[in-house]
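# Observations on the three-dimensional arrangement
As a plain string of letters, each chain reads:
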Amino acid sequence: MPDTGSTDLSTPIIQATTMPDSRLRCKDYLSTIDLMVLTLITILSLTAFIARILPTPGLNIPASALLAPLMSLGHFLNAVVTLEWVPTLQRHAVIYVMLLPTAALLITLARLTFGLRVLGFRSVLIAVGFQEVGLGPSLLIIAVVVGVIAAMRPWMRRIRLPLYARISLILAITAGIQIFFLMVGSWQRSHMIFNLAFFPVIILAMMAEGIAGTLDQSRPATAAWRLTWTLALALVLFGLMNFGPFLKLLLRAPELMILQIVAIVLIAEFLDFRLLQDWQNRATALISHFKSDSLPLPIQNRKKRVAVVRNKTSYGTIGRLGPQAKEGERNASLQHLIDALREQGYAVKMFEGDMTLLRELRKFLPPHPRTGAPGGVVLNMSNGIQGVGRPVHVPSLLEMAGVAYAGPDPLALSILCDRFTFLSRLRAYGLPVPDFRLIIHWRREPPDLPFPMVLRAYDTINDAKFIVRTLDEYSGALSHLITVQSRGILCEAWLEGTSISLGVLGNERLRCLPIASLIPRSQHLECPAPIESQHVPRYRSIAFRAFRSIGCRDFARVDMVVDRQGQAHVVGVYNNTILEKRGAMAIMAHAAGLSWPQLAGTIVELASARCGVDWAGTSQVTVATTSTAKSVITGTSCQNFRTIINTSGNE
């Protein structure tokens, strides 16, 4: 077939984010009643605040009939509903509490309206530290602690410290650094060094952990920007803490806290613009227009995130219902897959495919705040925990929740789970399959198929399969299967010949890995298979048609049996469970010049391109020219496909 999906590498490819629509818009998360209540609260709070100002000495506002009630209310509020009576020694504690809504409002405005990434609410704590020991000593101790923890973070990851042990170690190290400064300050008789020991240790440890965690998931530049904006917000809060008129106003008018709370809700609803979130990408896109010979330049704010979903436990359900997954269906260690993806530069995390999945994925793969584009890819390796159609459960959840994932959709997986439907569909598309019959009721007479034949369960989840060569063997196998399978028994003709496997990668444009064949005696795969070259295009064409007819996506392995006449029959199409480091797909990829990490990365990139994943919360910008001679998939230089094209076949 002609290749209609090729990329012209002579023309630069530029993918950039369009400018956001910054007009006021509503997310429609707040109902009409919610808005009415918020409006009423705002009016009452503003009325109380204005009433306080009216009787202020020096304003000399005449007491008209309209303003007289407000001035009376103001006198009452200034006398009763105020915190100016708090003793001076206790005021700093009260001010810290009253500044929390102000800090939350500033952080919300910075994060949602301006799109400035910060280290959570640590700026509030840092501002408290500035207030306790002074600005200069605080910045110095922050630089030392963050530098030490960031330097030790790779070692902590290598020894696989769990969360609580990691935080405990960071706390201990931070405390040790402060004690060191205490001793040095005493020896040197330096008041400034001595004061470094009195910066709140919890604040230092939390900030160091936040920086180290950001370094795990993002580039150092991203961590530096987040720390910079966090310190900038902390400086603003520090300035407010030392601005007397503002503090006096907070103590005099506590209703300002209510106005700030309402403002936070309204900003989240109406002002979620994130104006500056894409500024680095836009600048790079503008520069790239003037660079004709630039190398591929992916711009991203964090590492690409991949969630690997498995089923290792069976207790993540509300109750027990339906057939349970067998122990052999549970995933063995997937560390080889995680290590491969991390080697390709992805941030990878393992998740259990149970009722907690969507809650955890929402934290790890948040969508783009404006467009809703997926923020990462799920690599589904789960087989389900219980019930009917277990392999379809996790993809159905992901489809409903709008989470990007690799592999077939639930409809295609349901076909693969039903062997009768699978073979019937391939036959309807004109593909060669083994002759088969569906047995619904027990009967002694075998179907009109020659011996030997294969008896197996109707669905592919039940792996019970019998090769029968005589009538007695047929009766015994049928009796056994009838007891465990009520939906019917599938009887297939036994095919004598060579078993081959073909790995298919792609979506709109398909690629076929080198063909592998099974060596009968050793049960090992030989790749490339010793097949006459004139038959290879036909086998690849059958694999592509099987891939399309089932509705596969991204990757699949098509198994065939080639009979003595050279005719290939499709006997299986497999997806989620085929990604093994020493499995057939890895062997075929190795023959195509792809390492195991490159194969895993290629599958993730195919899924991300299909789903329109926004890897860094913003679109990426990539320029590819003839001088680079590389194909581009969604902003990622992918030489892997080029290798496949040269060594294998394409659709």
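Calculation notes
Residues numbered from 1 in each chain as written. Predicted model: local features only at pLDDT ≥ 70, side-chain atom pairs only at ≥ 80, totals over all residues. Heavy atoms only, no water. UniProt positions renumbered as here; feature names shortened; annotations may be inferred. Helix = DSSP H or I, 4+ residues; strand = E, 2+ residues; numbered from the N terminus. Salt bridge = Lys/Arg side-chain N within 4 Å of Asp/Glu carboxyl O. Buried < 20%, exposed > 50% of the residue type's maximum accessible area, 1.4 Å probe, protein only. Phe/Tyr/Trp six-rings, centres within 6.5 Å; stacked < 30°, edge-to-face > 60°. Arc of directions from axis to C-beta. Polar contact = N/O pair within 3.5 Å; in protein donor to acceptor, adjacent residues only side chain to side chain. Pairing = 2+ DSSP bridges. Axes fitted to C-alpha atoms, helices over the stretch in contact; angles between N-to-C directions. Contact = heavy atoms within 4.5 Å. Patch = residues over 30% accessible without salt bridge, like charges linked within 9 Å, V, L, I, M, F, W, Y side chains within 5 Å. Areas by Shrake-Rupley, 256 points an atom, 1.4 Å probe, with all protein chains shown as cover. pLDDT = per-residue confidence, 0-100.

The name given to the protein chain in an unreviewed UniProt entry is D-alanine--D-alanine ligase B, with Microcystis aeruginosa NIES-3787 as the source organism. If you open the UniProt record of the protein chain and go to Sequence similarities (unreviewed entry), you find "Belongs to the D-alanine--D-alanine ligase family."

## A closer look at the UniProt feature "transmembrane region" (unreviewed entry) in the protein chain
Per the UniProt annotation, the sites labelled "transmembrane region" (unreviewed entry) are residues 33-54, 66-86, 93-114, 134-151, 163-187, 193-215 and 227-251. Counted over residues 93-114, helix gives 95% and strand 0%. Its end C-alpha atoms are 31 Å apart. Between the C-alpha atoms that bound residues 227-251 there is a distance of 31 Å. The span itself is 92% helix and 0% strand.

## Some details on the pattern of salt bridges
Under the counting rule described, the total for this entry stands at 13 salt bridges. Salt-bridge contacts for K363 lead to E360; the nearest nitrogen and oxygen are separated by 3.9 Å. Of this pair, K363 and E360 both sit in helix α14 (residues 357-364), separated by three residues, roughly a single helical turn. We classify K363 as exposed; its relative accessible area is 58%. Close ionic contact of E492 with R419 constitutes a salt bridge, the shortest N to O distance being 2.7 Å. Placement of the pair is E492 in strand β7 (residues 489-493) and R419 in helix α17 (residues 419-428), with a sequence separation of 73 residues. Each member of the pair, E492 together with R419, is buried.

## Regarding the packing of aromatic side chains
The final tally for this structure, using the stated rule, is six aromatic pairs. With a centroid separation of 5.4 Å and 50 degrees between ring planes, the pair formed by F194 and F198 is classed as tilted. A relative accessible area of 31% places F194 in the partly exposed class. Centroid distance F420 to F436: 5.8 Å. Interplanar angle 80 degrees. Geometry classified as edge-to-face. Of this pair, F420 sits in helix α17 while F436 sits in strand β4 (residues 436-439), and the two are 16 residues apart along the sequence. Accessibility expressed as a relative area gives 25% for F420, which makes it partly exposed. Of the residues examined, F436 reaches a relative accessible area of 7% and is grouped as buried.

## What about α17?
Within α17 the residues assigned to the buried category are R419, F422, L423 and L426. Mapping the buried residues of α17 onto a view down its axis gives an arc of 90 degrees, with all of them on the same face. One side-chain oxygen of the residue at the start of α17 lies 3.2 Å from the amide nitrogen of F420, identifying that residue as D418. One or two residues past the end of α17 sits G430, with phi positive at roughly 80 degrees.

## Some remarks on unusual backbone geometry
With an omega of -5 degrees, the peptide bond running from F451 to P452 counts as cis. Relative to the assigned elements, P452 resides in the loop between β4 and β5 (453-457). In this structure, the amide linkage connecting C527 to the following residue, P528, adopts the cis form with an omega of 0 degrees. Mapped onto the fold, P528 is located in the loop between β11 (524-526) and α19 (536-550). The phi angle at R189 is positive, at roughly 55 degrees, despite the residue not being glycine. Looking at the element boundaries, R189 is found in the loop between α6 (163-188) and α7 (191-195). Here the phi dihedral of R274 falls at roughly 50 degrees; this positive angle occurs in a residue that is not glycine.

## Details of the sheet that holds strand β3 (residues 377-380)
Spatially, three strands are ordered β2-β1-β3 in an open sheet, and the strand pairing comes out parallel. Bordering the open sheet on either side are β2 (347-352) and β3, each of which pairs with just one other strand. Along the sheet, successive strands turn relative to each other by an average axial angle of 25 degrees, direction set aside. Sheet topology note: the strand β1 (residues 305-310)/β3 ladder contains four bridges and is parallel. If you follow V308 over to β3, its bridge partner there is L379.

## Considering the environment of M207
Along the chain, M207 turns up in helix α8 (residues 201-217). Between the C-alpha atoms of M207 and L119, which are 88 residues apart in sequence, the distance is 7.6 Å. Apart from the residues lying within four places of it in its own chain, the contact partners of M207 are R122, I126, I142, V146 and L227.

## Brief notes about a nonpolar patch on the surface
Taken together, the side chains of I33, V37, I41 and I258 define a hydrophobic patch exposed on the protein surface, amounting to about 330 Å² of accessible area. When residues of the nonpolar patch are assigned to their parent elements, the largest contribution, three residues, is made by helix α1 (residues 32-53). Residue placement: V37 occurs in helix α1. V37 sits in the partly exposed class, given a relative accessible area of 43%.

## A look at the side chain of K304
Mapped onto the fold, K304 is located in the loop between α12 (279-288) and β1. K304 gets classed as buried once you look at its relative accessible area, which sits at 8%. Only 3.1 Å separates the side chain of K304 from the side chain of E605, close enough to count as a polar contact.

## Here's the deal with the side chain of N311
The topology assignment puts N311 in the loop between β1 and α13 (335-343). Overall, the relative accessible area of 0% leaves N311 in the buried class. Polar side-chain contacts of N311 include one of 2.7 Å to the backbone nitrogen of G384.

## Some points on the sheet that holds β4
Here we have four strands laid out as an open sheet, ordered β4-β7-β5-β6, and antiparallel in their pairing. Unpaired on one side and paired on the other, β4 and β6 (465-468) mark the two borders of the sheet. Here the average twist between neighbouring strands, direction ignored, is 20 degrees. In this sheet, β7 lies alongside β5 in antiparallel orientation, the contact comprising five bridges. By the bridge assignment, R456 is partnered in β7 with L490.

## Overview of the confidence of the model for the protein chain
For the protein chain, the mean per-residue pLDDT works out to 81, and 84% of the residues sit at or above 70. Taken as a whole, residues 1-23 scores under 50 in pLDDT and shows 46 contacts with residues more than four places along the chain or in a different chain. Here residues 283-301 scores under 50 on pLDDT; set against residues more than four positions off or in separate chains, the count is 42 contacts.

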